[in-house]
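Overview (structure and organization)
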Amino acid sequence: MEGEGEQEEEGEEEWLLESLRLYNDLYLFELHDPTRVIEWTGEKSICVAGYENGRRNEILQLLLPQRLYAKENQGLCPERDFKVEHGGFSDHPVYMLKHVPKTSLLVTSGPSDGSLQVWHVGQDETDVIKPLYTVCTTRGEAHCWAKIATAFSKSAWVLHGLRVSDVQVTEIESSRTIFVAGSSNTDEVATLEFLDEAVVLACGTKGQLFLADTRQPQGLLRVAEDAHVSKALPGQSWCAGVCCGPLPSSGDRRLVARLSSAGRVMLTDLRNPARAVKMAQCCVPTGGLCGAGFLSVSFAPLLGEHLAISGFDGTVRVYDTHNWVPSVQDAKPAFVHKGHVFSGVGKAGVAAPVVTTHAWHPSKPRTLLSAASDGSLHVWDWSELCAAS
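Residues numbered from 1 in each chain as written. Predicted model: local features only at pLDDT ≥ 70, side-chain atom pairs only at ≥ 80, totals over all residues. Heavy atoms only, no water.

1. A word on the overall build of the protein
Within the protein one finds 3 helices and 30 strands. Pairs at least 24 residues apart make up 53% of the contacts formed inside the protein by residues separated by at least 6 positions. On the protein, roughly 17,700 Å² of surface is accessible, and the fraction owed to carbon and sulfur atoms is 50%. (Helix = DSSP H or I, 4+ residues; strand = E, 2+ residues; numbered from the N terminus. Contact = heavy atoms within 4.5 Å. Areas by Shrake-Rupley, 256 points an atom, 1.4 Å probe, with all protein chains shown as cover.)

In structure tokens form, the structure reads like this:
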């Protein structure tokens, strides 16, 4: 065992040396408790939250290190100077957390209570994140919880649902129901998104996409059927990520990426959601993690058709999808962040960490944040030269 520990430490040292050429910036932090949410609440601040069962969990708003905003790259910089701006405690494990645009409100959810908690982030006079009230929904189950998305139309809205048949939009302040899904589909929801102020998208854990316009009184969710999804192997779980807006490189096309627990990625054009426009098979470990619920796929907001996937192991993989085709092909990542793999080296009996979530920086094209099950939190910007090679 001692020899194995020495080998792991040598592997970490080799990775850090290799990182000098792989990264423009690399910041390594340790949270007190692991998080499965990284939510931007401003240009320089994020929210994280604990997800342990049977205890109170912290919700923290953190100010990113000032070094991240220097004009020159800072290089490798292990440090612990995320500054806590605001904090509070949740009696529930926090599996999802969303900031409501244009407000100081947060909405959280988690098992096994199906309700949503609404929070207010204190302003200058207080540093407390205070619970305001609860939005009652369909009761959750031990293994699943209400998925959520937020938007600000004339008021603050939350889109939420445990199963496709439960999907609805609620006005947060009044708890008034704005929209109810007219669907009998009982598949569990994996992802919910507002495409704009009126149109919503849901992705089920079996991979189906559903679209609805909240202005239509019948409230029906339209199924975007895809033959490739219907032929998926039994037992696969899916999640989805939506491109932030029309891609400059592809006209007015807006894409949805779906990721399966077997590493299959499908890109769908929302103008014609009945079939995938691009597909790829990613080489990822798939044993034993399907039920962990950490699967995540997201588009880069400023880097064309690049996307990142995580939740399979201690890595985050970034892919350039420009050359993907409609038929399934093996995909090679443009970059792999392996930093979390070495977070627990030398700790006897500690399981290998799994990346629990990742998030792209809103204004730095190649900068991402990622968190893992061991409490590690990384901020990294991979080298453009590395990407080009």
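Having seen it, we continue.
2. Concerning the packing of aromatic side chains
Under the definition given, this model contains 12 aromatic pairs. A ring pair is formed by Tyr 23 and Phe 335, whose centres lie 5.3 Å apart and whose planes are at 85°; its orientation type is edge-to-face. With a gap of 312 residues between them, Tyr 23 in strand β1 (residues 23-30) and Phe 335 in strand β27 (residues 335-337) connect regions that are remote in the sequence. The same class applies to Tyr 23 as to Phe 335, namely buried. Relative to Trp 145, the ring of Tyr 95 has its centre 4.6 Å away and its plane inclined at 75°; by these criteria the two rings are edge-to-face. A residue pair is termed long-range when its members are at least 10 positions apart, and Tyr 95 in the loop between β6 (83-90) and β7 (96-99) and Trp 145 in the loop between β10 (129-135) and β11 (147-152) qualify at 50 residues. Comparing Tyr 95 with Trp 145, the two get one shared label, buried. (Phe/Tyr/Trp six-rings, centres within 6.5 Å; stacked < 30°, edge-to-face > 60°. Buried < 20%, exposed > 50% of the residue type's maximum accessible area, 1.4 Å probe, protein only.)

3. What to know about the pattern of salt bridges
Throughout the structure, instances matching the rule amount to 9 salt bridges. Here Arg 176 makes a salt bridge to Glu 171, at a shortest N to O gap of 3.6 Å. Classification of Arg 176 by relative accessible area gives partly exposed; the value is 47%. Salt-bridge contacts for Asp 269 lead to Arg 271; the nearest nitrogen and oxygen are separated by 2.8 Å. Taking the relative accessible area as the measure of exposure, Asp 269 reaches 7% and is therefore buried. (Salt bridge = Lys/Arg side-chain N within 4 Å of Asp/Glu carboxyl O.)

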